[in-house]
Amino acid sequence: VLKVVENLGVSYVRSSDMYKTKLQSELRKLKFPYRALAEDDYEARRKDHISHFILRLAYCQSEDLRRWFLQQEMDLLRYRFNELTASLRQKFLEHVNLSFEAVSEDLKNELANELCSSTPGFSMIKVREQMFYKVGLADAVDLFRARRVFIKDGFAYVPLKDIDAIVLNNYRTKLSKALALTARSLPSIQSDERLQPLLNHLSHSYVGPDYSVQKNTGKISLEQIDALSVKSFPLCMRQLHKALRDNHHLRHGGRMQYGLFLKGIGLTLEQALEFWKKEFIRGKVDADKFDKGYAYSIRHNYGKEGKRTDYTPYSCMKIIMSNPPSQGDYHGCPFRHSDPDLLKQKLQACKVPPSGITQILELVKGMHYQLACQKYFELTHDVDDIGFSLNHPNQYFTESQRLLNGGRELKKELSSSGNSQQKSNSQESMNSNSTPTSSNTTADVGLEGLEAYFTED
Ligand code: SF4
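Since this is a predicted model, take the numbers as computed values, not measurements.

A.B. asks: Would you mind going over the packing of aromatic side chains in detail, with residue names and values included?
C.D. replies: Across all of its chains, the model carries 20 aromatic pairs by this definition. With 6.1 Å between their ring centres and 75° between their planes, Trp276 and Phe280 make a pair best called edge-to-face. Residue Trp276 and its partner Phe280 are both found in helix 16 (residues 269–280); the two are separated by 4 residues, about one turn of the helix. Phe280 gets classed as buried once you look at its relative accessible area, which sits at 1%. Following the ring pairs from residue to residue traces out a cluster consisting of Phe233, Tyr258, Phe261, Phe275, Trp276, Phe280, Phe290, Tyr294 and Phe397. Over the face of the ring belonging to Phe122 we find Lys126, whose NZ or CZ atom lies 5.0 Å from the ring centre. Between Lys318 and the ring centre of Tyr314, over which it is positioned, the NZ or CZ distance is 5.0 Å.

Printed below as a string of structure tokens:
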């Protein structure tokens, strides 16, 4: 739900009818009990409360997470508050100890002239239409300071449209304090073995397809990869591919992220071995060292060694939230981990137009990394609306291919002319029997075990 709120919050003006209609339909699709209070549905409300408090636990753990969570909760509350009827709004205000008294019609008519002249943007008609509330000065200090409100006998007469700002401010202060308190008590909560795994993974959990089994397995030839990296790879994988081609090497974080992505788009084990070996032996690693030091880990990646787990490609959240790159690394999410100047250069190199770069940098500034990536998709594919919510690099690839191939499956004989950086790496497609076996593993299961094999730089 909060992802949807984030998505719509940067795509539409929050007070617009379009925003409300879209959010309403998305919440309905997600079966979110957005009218629980109105319908007095106890069970729905209980679930809503429980999920909110679980998210508090998961999202109190870092400054970034807290800020993101606060922003989305604010937007959701604003929408829900404005959807309430006048009587329910009054009930809600009392419930949260903000019992502002609604100004009676008689008093409003009596003060109509003053309300009209002291409330910017309010005509006489609007004064008659809107509800006003009597609010103590301490709660309306911002409106008072900006001279946007009528004051009488120690009370501010606040129109409904400004009440939500007061409610939201109040909620922000309370939630922010509560998150700080929760963070402090986390150590004791984390010792509870029922909660610990949930909390560790919830903030970067991913519930979409795991992309470990691809109907495309074996349909991609190695000679297509250079062209595909330009046309259909998200920026994170495009930069890894380029770094590999330039340096003939990637450190272990990059090999994990890129290797599993390639597996997800359809490279067989044999192809993966050939791909990495051909590139590595062009650098400082000889064939023998590759076979001894690296081949095992690639087979492991495909579930052919060790615990024989069929490892799944990383989701965006995993890439964004864990294992940040350090000097000499090329893994991570460029929207999250590159500084703005460097990101700008990367986008220029990808021929993103200047106005698009400005939009992307704005989204990055607001910490909307996946939305920045969606914008990158739109600009590089020349579409106005991406039409899906991006959560996974392999989803990016699949959607890109679907768009470029007009809904058809990946074309086997995709031309690699023009964009190919390394023709010497060309080779025929290999259809192998060693395709990954079906598995229901989730993105994070047992990766620690695998990463132990990738310690060699
Ligand atoms: Fe890659 Fe996801 Fe970042 Fe896009 S948002 S660059 S797909 S990690």
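On we go.
A.B. asks: Go over the site of the ligand with me, naming the residues and quoting the values.
C.D. replies: Residues in contact with the ligand, as listed here, are Pro234, Cys236, Cys316, Ile319, Cys333, Pro334, Phe335, Gln370, Cys373 and Pro393. When residues of the shell around the ligand are traced back to their parent elements, those giving at least two are helix 19 (316–321), helix 20 (334–337) and helix 23 (369–381). Looking at side-chain class alone, the shell around the ligand contains 9 nonpolar, 1 polar and no charged residues.

A.B. asks: Break down the UniProt feature "binding site: [4Fe-4S] cluster" (unreviewed entry) in the chain for me, citing the residues and quoting the values.
C.D. replies: Mapped onto this numbering, the UniProt entry annotates "binding site: [4Fe-4S] cluster" (unreviewed entry) at Cys236, Cys316, Cys333 and Cys373. A maximum C-alpha distance of 10.0 Å is found for the annotated residues, which run over 138 residues; spatially they form one tight group. Put simply, the named residues that line the second largest pocket are Cys333. Structurally, Cys236 can be placed in helix 14 (residues 235–247). Leaving out residues up to four positions away in the same chain, Cys236 has contacts with Gln257, Gly332, Cys333, Pro334 and Pro393. Here Cys333 lies in the loop between helix 19 and helix 20. Here Cys333 falls in the buried class, since its relative accessible area comes to 10%. Contacts of Cys333, omitting those with residues within four sequence positions, involve Cys236, Ile319, Ile320 and Ser338.

A.B. asks: Pulling in residues and values, what's your account of the packing of helix 1 (residues 2–11) against helix 5 (residues 63–83)?
C.D. replies: Axes are the key here: two packed helices are described by the angle between their axes and the distance separating the axes. With their axes 9 Å apart at the nearest point, helix 1 and helix 5 run at an angle of 80° to one another. The angle between helix 1 and helix 5 falls in the class roughly perpendicular. When helix 1 is examined against helix 5, the residues Leu2, Lys3, Val5 and Glu6 are found in contact with a partner set consisting of Trp68, Phe69, Gln72, Glu73, Asp75 and Leu76. A breakdown of the residues in the contact of helix 1 with helix 5 according to their chemical character gives 5 nonpolar, 1 polar and 4 charged.

A.B. asks: Which residues make up helix 5, and what values do they have?
C.D. replies: An ideal rise of 1.5 Å per residue puts 30 Å on 21 residues; helix 5 measures up with 30 Å between its terminal C-alpha atoms. When we look at burial in helix 5, the residues that qualify are Leu65, Trp68, Phe69, Leu70, Gln72, Glu73, Met74, Asp75, Leu76, Leu77, Tyr79 and Phe81. Buried residues belonging to helix 5 abut helix 1, helix 2 (17–29), helix 4 (42–59), helix 6 (86–95), helix 11 (160–190) and helix 19.

A.B. asks: So what's going on with helix 23? Which residues, and what values?
C.D. replies: Over its 13 residues, helix 23 extends 18 Å from the first C-alpha to the last, a length consistent with the 18 Å expected when each residue adds 1.5 Å. Among the residues of helix 23, Tyr369, Gln370, Leu371, Ala372, Cys373, Gln374, Tyr376, Phe377, Glu378 and His381 are the ones counted as buried. Once helix 23 finishes, Asp382 follows within two positions and takes phi at roughly 55°, a positive value.

A.B. asks: Describe in detail the packing of helix 14 against helix 16, supporting the description with residues and values.
C.D. replies: Where helix 14 meets helix 16, the closest approach of the two axes is 8 Å, and the angle between their N-to-C directions is 45°. What the angle tells us is that helix 14 and helix 16 run oblique. When helix 14 is examined against helix 16, the residues His241, Leu244 and Arg245 are found in contact with a partner set consisting of Phe275, Trp276, Glu279 and Phe280. Per-class residue counts for the contact of helix 14 with helix 16 are 4 nonpolar, 1 polar and 2 charged.

Thresholds, definitions, all that
- Residues numbered from 1 in each chain as written.
- Predicted model: local features only at pLDDT ≥ 70, side-chain atom pairs only at ≥ 80, totals over all residues.
- Heavy atoms only, no water.
- Phe/Tyr/Trp six-rings, centres within 6.5 Å; stacked < 30°, edge-to-face > 60°.
- Helix = DSSP H or I, 4+ residues; strand = E, 2+ residues; numbered from the N terminus.
- Buried < 20%, exposed > 50% of the residue type's maximum accessible area, 1.4 Å probe, protein only.
- Lys NZ or Arg CZ within 6 Å of the ring centre and 35° of its normal.
- Near = heavy atom within 4 Å.
- Nonpolar A, V, L, I, M, F, W, Y, C, P; charged D, E, K, R; others polar.
- UniProt positions renumbered as here; feature names shortened; annotations may be inferred.
- 1 Å grid on protein atoms, 1.4 Å probe; cavity = no way out; pocket = protein on both sides within 12 Å on 5 of 7 lines; lining within 4 Å.
- Contact = heavy atoms within 4.5 Å.
- Axes fitted to C-alpha atoms, helices over the stretch in contact; angles between N-to-C directions.
- Parallel < 35°, antiparallel > 145°, perpendicular 65-115°, else oblique.
- Expected span 1.5 Å × (residues − 1).

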